[in-house]
Every structure is written in structure tokens, then in C-alpha cells.
Amino acid sequence: MNRQKFVAAAVVGLALCVAPSGGRAETETDTLSVIAPPSVQNWSENVFRQFERKVRYPAPMGTMPASEGIVAVKFNCSEDGVPSQVQLYKTSGHGDLDRATVRAVERIATLHPLPRGVGHDQQYIVRVLFANSEGYAQRNMTRLREDAARSNAWVGRSGATTAMLELVPPNG
């Protein structure tokens, strides 16, 4: 059922984007297209999708199980949208996880377009959960989402949405 809803939404979106030509002569019109900046939620989801394509869970050494932990990386957005001043903010206690997260943030193609109310001087924090068991993931994911939503409340979002990337409040 969820798949049907997704397909229907995609078809409706496509239909709105395609203008019929119908063989009519085109007339010159003065139109102005304004694209509104994304919400924090939409922006966060987009950037996190980019991040997920770049991050690699480090292979365990020998017969050791894969490391688990939460890594926090803090960074800024350069004028051209590339993450800058990327630094480890909170270690997971596992250097391999920390390095993988920093490298993935450095490889994000762009943070543009920025969400409403956010400028280039903004600092960002991405918290990444590395889990090799479903139990560990479940225990920590809800808390991470709640923490991100609390951290982003100052931006003025409405509704009960969450974000995986945190925006550091000005002077915070």
C-alpha cells in the first residue's frame, strides 16, 4: 500500500511539471519563477542522503565484531556550498568510525540550497550512528532524532518533524 502511494505521488508531481505543447504557437510571456528555500527537514534529508552515499562502515579487523558508536562532526558551509572547517566534535571511541564520518562529510557535494533562515556562517553538526545490531540501533536512533529536533527548534519549524543534521544556534 505504501508503494502505491509513492508511485501515485510521483506521477502527480510529474504531471504538474510537464506543460502540454499541443501544437499551439508559443507566446512570449513575462513570468517569474520563485523557488522557495527548503525547510530544515527537507534540507536535512537531502544532505543526509548525500552523506549516506559517501559514508562507509569500516570493516572489522580479524575476527573482531564491527565497531558500534555515535560520532558527531561539526562543520560550516563555504560560499560555494561545500562543507568547510570539518572537525570531529564528539568521538565514538573508535578512530575508524570517527575517520569514516569526517571523510564522508568532506565528500558532500553541496549544502545548497540552504534552508530558510540559515546563512553561510551557520555551523552544522551531523551525528552518525554506527550499529552492528538491531537492538543497539533501535535504542539510539529515537534519541538521536529527538536530540536533532530539539537542537533545530530555534529555526522556527512547525510540526513534529525531525532532522538528522543539527544546526548550531547562533553564538552557540
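Scroll up a little and you will see the structure.
Parameters at a glance
- Residues numbered from 1 in each chain as written.
- Predicted model: local features only at pLDDT ≥ 70, side-chain atom pairs only at ≥ 80, totals over all residues.
- Heavy atoms only, no water.
- Salt bridge = Lys/Arg side-chain N within 4 Å of Asp/Glu carboxyl O.
- Helix = DSSP H or I, 4+ residues; strand = E, 2+ residues; numbered from the N terminus.
- Contact = heavy atoms within 4.5 Å.
- Expected span 1.5 Å × (residues − 1).
- Buried < 20%, exposed > 50% of the residue type's maximum accessible area, 1.4 Å probe, protein only.
- Pairing = 2+ DSSP bridges.
- Phe/Tyr/Trp six-rings, centres within 6.5 Å; stacked < 30°, edge-to-face > 60°.

It is worth spelling out the pattern of salt bridges at this point. Applying the stated criterion across every chain, the model contains one salt bridge. Here R143 and D147 are joined by a salt bridge, their closest N and O atoms 3.7 Å apart. Separated by four residues within a single helix, R143 and D147 lie in helix 4 (residues 134-152), roughly one turn from each other.

With that settled, consider the environment of A100. Positionally, A100 belongs in helix 3 (residues 95-106). Once the C-alpha coordinates of A100 and K54 are considered, the two residues, 46 residues apart in sequence, prove to be 9.0 Å apart. Those residues in contact with A100, other than ones at most four positions away along the chain, are V55, R56 and P58.

Here we come to helix 3. Helix length check: helix 3 (12 residues) gives 16 Å between terminal C-alpha atoms against 16 Å at 1.5 Å per residue, within 8%. Those residues of helix 3 that fall on the buried side of the exposure criterion are L97, D98, A100, T101, V102, A104 and V105.

This paragraph deals with the pairing of strand 1 (residues 69-77). With nine of nine residues buried, strand 1 is to be regarded as a mostly interior element. Every second residue of strand 1 is oriented toward a common face, with G69, V71, V73, F75 and C77 on one face and I70, A72, K74 and N76 on the other, all of them buried. Here strand 1 runs beside strand 3 (residues 123-130); their pairing, made up of eight bridges, is antiparallel. Across the sheet, V73 pairs through a bridge with V126, a residue of strand 3. A loop of five residues connects strand 1 with strand 2 (residues 83-90), the two strands running antiparallel in sequence, and G81 in this loop sits at a positive phi of about 95 degrees.

In total, this model carries four aromatic pairs according to the counting rule given. A ring pair is formed by W43 and Y124, whose centres lie 5.3 Å apart and whose planes are at 35 degrees; its orientation type is tilted. A residue pair is termed long-range when its members are at least 10 positions apart, and W43 in helix 2 (residues 40-54) and Y124 in strand 3 qualify at 81 residues. The residues W43 and Y124 share a single accessibility class, namely buried.

Turning our eyes to something else, we now look at the pairing of strand 2. Bridge count between strand 1 and strand 2: five bridges; the pairing is antiparallel. Residue N76 lies in a different strand from strand 2, and its bridge partner there is S84.

Right, let's talk about unusual backbone geometry for a bit. Following H112, the chain continues into P113 via a peptide bond in cis, with omega recorded as -10 degrees. Structurally, P113 can be placed in the loop between helix 3 and strand 3. Even without glycine at this site, Q85 takes up a positive phi of about 50 degrees. Here Q85 shows up in strand 2. Owing to a relative accessible area of 60%, Q85 belongs among the exposed residues under this scheme.

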